[in-house]
Amino acid sequence: MVKEIRNIGLPFIGLFFLYLLNPYGLNIFIGYLLAALMIFQREFLVRNVDRELMLLFLFSITYAAFFSFEPLAGKQYIVIYFLVPSTFYLMGKFFVEKASKNYLTIIIMLLLTSIIFSMTGVLSVVTVLNQLGFSEVDRNLPNYWTGQITPATKMGAYFALIMCIPAVLVPKIKKVNLLYRIVLLLLFAISVVCVLRIGSRTQLGIFLITLLMSLFYIMPRQSFRRNLVMFAMFFGIVFYVANTISFDLDQDWLSAFAGRMEEDGSGDLASGGGRTDRWGKSLEYLFVKPLGWGEHEFGHAHNLWFDVLRIGGFLSFFLLIAFTTNAFLLVRKALKKNKKAYALNNQILCYAICFVLLFTVEPIMEGTFDFFAVFCFFTGVVKKYYTDYPVIE
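Reference entry: report on the structure contained in this document. Residue positions within a chain follow its written sequence, with the count starting from 1. The predicted nature of this model means local features are confined to residues of pLDDT at least 70 and side-chain atom pairs, given and counted, to a pLDDT of 80 or more, with totals for whole chains, interfaces and linings taken over all residues. As a rule here, side-chain values come from all non-hydrogen atoms in the structure, and water together with hydrogens is ignored.

### Points about the overall build of the chain
Inference 1: Looking only at helices and strands, the chain has 18 helices and 2 strands in total.
Inference 2: We compute the radius of gyration over the C-alpha atoms and compare it with the globule rule, which gives 2.2 Å times the number of residues raised to the power 0.38. For the chain, whose C-alpha radius of gyration is 21 Å, the value lies close to the compact-globule estimate of 21 Å for 393 residues.
Inference 3: Per-residue burial for the chain yields a buried fraction of 52% across its 393 residues.
Inference 4: Counted over contacts in the chain with a minimum sequence separation of 6, partners at least 24 positions apart contribute 74%.
Inference 5: A total of about 18400 Å² of accessible surface is found on the chain, and carbon and sulfur atoms cover 67% of it.
Inference 6: Neither His nor the chain ends contribute to the count of charged residues, in which Lys and Arg are positive and Asp and Glu negative. The atom standing in for a charge is NZ when the residue is Lys, CZ when it is Arg, CG when it is Asp and CD when it is Glu. Both charge centroids of the chain, one from 34 positive and one from 25 negative side chains, sit 15 Å from each other. Helix and strand assignments come from DSSP, with helices taken as H or I runs of at least 4 residues and strands as E runs of at least 2, each series counted from the N terminus. The cut-offs for exposure are 20% and 50% of the maximum accessible area for each residue type, with area from a 1.4 Å probe on protein chains only; residues under the lower value are buried, those over the upper are exposed, and the others partly exposed. Note on definitions: a residue-residue contact is assigned when non-hydrogen atoms from the two residues lie within 4.5 Å. Values of accessible area rely on a 1.4 Å probe in the Shrake-Rupley scheme; residue burial ignores everything except the protein chains shown.

### So, the packing of helix H5 (residues 51-67) against helix H6 (residues 76-98)
Inference 1: With axes taken as lines fitted to C-alpha atoms, and helix axes fitted only over the stretch in contact, angles between N-to-C directions fall between 0 and 180 degrees. At a minimum axis separation of 8 Å, H5 and H6 run at an interaxial angle of 170 degrees. Judged on the interaxial angle alone, H6 and H5 are roughly antiparallel. The segment H5 lies against H6, with Glu52, Leu53, Leu56, Phe57, Ser60, Ile61, Tyr63, Ala64 and Phe67 engaging Tyr77, Ile78, Tyr81, Phe82, Pro85, Ser86, Tyr89 and Leu90. Throughout this description, any angle smaller than 35 degrees is read as roughly parallel, any larger than 145 degrees as roughly antiparallel, any in the 65 to 115 degree range as roughly perpendicular, and the remainder as oblique.

### Notes on a positive patch on the surface
Inference 1: Each patch is built from residues lacking any salt bridge and having more than 30% relative accessible area; the joining distance is 9 Å for like charges and 5 Å for nonpolar side chains (Val, Leu, Ile, Met, Phe, Trp, Tyr). We define a salt bridge as a contact between a side-chain nitrogen of Lys or Arg and a carboxyl oxygen of Asp or Glu at a distance within 4 Å. On the surface, Arg221, Arg332, Lys336 and Lys339 cluster together into a positively charged patch.
Inference 2: On the secondary structure map, Arg332 appears in helix H15 (residues 304-337).

### Details of helix H7 (residues 103-132)
Inference 1: Between its first and last C-alpha atoms H7 spans 43 Å; for 30 residues at 1.5 Å apiece the expected length is 44 Å, and the two agree.
Inference 2: Values of bend correspond, residue by residue, to the angle between axes fitted over the seven residues ending at that residue and the seven starting there. Of all the bends in H7, the greatest measures close to 35 degrees and is centred on Met119.
Inference 3: As used in this structure description, the phrase polar contact means that two N or O atoms lie within 3.5 Å; if the pair is within protein, one of them must be able to donate a hydrogen and the other to accept it, and residues adjacent in sequence are counted only when both atoms belong to side chains. At the N-terminal boundary of H7, the capping side chain belongs to Asn102, with an oxygen 2.7 Å from the backbone nitrogen of Leu104.
Inference 4: At the C-terminal side of H7, Gly133 shows a positive phi close to 65 degrees. Expected span, for any helix, means 1.5 Å times one less than how many residues it has.

### Some words on the environment of Lys154
Inference 1: Summarising the element assignment, Lys154 is placed in helix H8 (residues 152-157).
Inference 2: The spatial distance from the C-alpha of Lys154 to the C-alpha of Glu366 is 9.6 Å, given a sequence separation of 212 residues.
Inference 3: With residues up to four places along the chain from it excluded, the contact list for Lys154 reads Gly367 and Thr368.

### A short note on helix H11 (residues 201-218)
Inference 1: Along its 18 residues, H11 runs 26 Å from first to last C-alpha, staying within 8% of the 26 Å computed at 1.5 Å per residue.
Inference 2: Regarding H11, its N-cap is Ser200, as a side-chain oxygen of that residue lies 3.4 Å from the backbone nitrogen of Gln203 further along.

### Thoughts on the packing of helix H2 (residues 10-21) against H6
Inference 1: Running from amino to carboxyl end, H2 crosses H6 at an angle of 135 degrees, the nearest separation of the two axes being 12 Å. Taken as axis vectors, H2 and H6 run oblique relative to one another. You can see that H2 and H6 cross each other, and the crossing is left-handed. In contact with Phe12, Ile13, Phe16 and Tyr19 of H2, H6 contributes Val84, Phe88, Met91, Phe94 and Phe95.
Inference 2: Polarity classes work like this: nonpolar for Ala, Val, Leu, Ile, Met, Phe, Trp, Tyr, Cys and Pro, charged for Asp, Glu, Lys and Arg, and polar for all others, with Gly in that last group. The residue inventory of the contact of H2 with H6, partitioned by class, reads 9 nonpolar, no polar and no charged. It is the rotation of the near helix from the far one that decides the hand of a crossing: anticlockwise by less than a right angle makes it left-handed, clockwise makes it right-handed.

### Description of the nonpolar core
Inference 1: Residues enter a nonpolar core if they are buried and are Ala, Val, Leu, Ile, Met, Phe, Trp, Tyr or Cys, with the set joined through side-chain atoms within 4.5 Å. In terms of nonpolar packing, the biggest core is built from 121 residues, with Phe95, Phe159, Phe371, Phe372 and Phe378 touching the most fellow members.
Inference 2: For this core, the element with the most residues is H15, which contributes 15 residues.
Inference 3: Excluding residues within four positions of it along the chain, Phe159 makes contact with Gly121, Val122, Val125, Ser191, Cys194, Val195, Ile198 and Gln203.

### Things to note about the packing of aromatic side chains
Inference 1: Working definition: a ring pair exists when centres of Phe, Tyr or Trp rings (six-membered ring for Trp) sit within 6.5 Å. Plane angles under 30 degrees give stacked, over 60 give edge-to-face, the rest tilted. According to the stated counting rule, one finds 44 aromatic pairs in the structure shown.
Inference 2: A centroid spacing of 5.6 Å and a plane angle of 45 degrees characterise the contact between Tyr77 and Tyr81, whose relative ring orientation is tilted. Separated by 4 residues within a single helix, Tyr77 and Tyr81 lie in helix H6, roughly one turn from each other.
Inference 3: What makes Tyr77 partly exposed here is its relative accessible area of 23%.
Inference 4: Each ring, one from Phe317 and one from Phe318, has its centre 5.1 Å from the other, and the planes form 65 degrees; the classification is edge-to-face.
Inference 5: A cation sits over an aromatic face here: Arg221 above Tyr217, 4.0 Å from the ring centre. Lysine and arginine charges are scored as sitting over a ring when NZ or CZ, respectively, is within 6 Å of the ring centre and within 35 degrees of the ring normal.

### Section: the pattern of salt bridges
Inference 1: Throughout the structure, instances matching the rule amount to 10 salt bridges.
Inference 2: The salt bridge partner of Glu52 is Lys383, with a shortest N-O separation of 2.7 Å. With Glu52 in helix H5 and Lys383 in helix H18 (residues 369-388), this pair connects stretches of sequence that are 331 residues apart. Like Glu52, the residue Lys383 is buried in the burial classification.
Inference 3: Between Glu362 and Arg275 there is a salt bridge, and its shortest N-O distance comes to 3.4 Å.

Here's what the structure looks like:
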């Protein structure tokens, strides 16, 4: 770790992790510093201009310009929307270029990113649990750093990548021994309790879908013996948890989650909490109001692309579609490049699924912009891995 920090540079790593942690809401200023650091890497910038960067940069300019007409979140976000996405994409490439050409390095880099990013959510929910227990069922909780009430959907985004931990740990990862796995699973267990406290069905869905996809991807690539041991451990854990913990919705610790289920009802569940109606209206407004519309029309679309369409118009919408499509095609190419590096490939696949799932059901740019910044970093990491890493023979 000391060697990797020295290779990448302590200022880059320190500011990057501080941005993810966002102490006292200072990540806006940290974003400026990170952008300045990247600008000074002129030789690196010249070598790393590519199609993904150009699409992302064009999207950022367009979206920031439209946002400036009605900057509800604050004028400082005009600059943030303009600078941060491209900066984080370049940082992903920069970190991989400077670090050792080792597959384990990328695995740990992505794991640390997801863990640090989750800390604000964990601290916020655990603090409330320590003060009030499970008696308080309001899903919107104060942010640990600022004390400002944070909507449950935004708080849930902090836990999205942590929900992938069981899926990431399905294959054998060299040098990640039993102790590290236990620590990661304990962090996952704490995060699940936090997710249940804020009543986030999306995060539980991410956990289940990524775990199933990981099993389908890994099983054909492992020996029968390892698959047998893996399933024995899996069913053993499930059996122990099922017989130790009560999941009755009348339990105090499930009160917030139970309240969410009762509040929405089965009809609302089928429509994604009313989201599908808003997606349909957004498609209609693409032709009726191609330059965007106000939130007063029908609120958030609860979808990354449609909410960008509402604020940034059709040009931002199509530029974002072009960038995200290229990003997910990159994931596909990366998975095919080194089929023997299936532990890293599995992690890339699970994280990509996680991003898609959250992007589909939440207003990312307005609610959880930092999560989009992490996605840009992830895309940069995958691009550099695909273009620079040698093929395993």
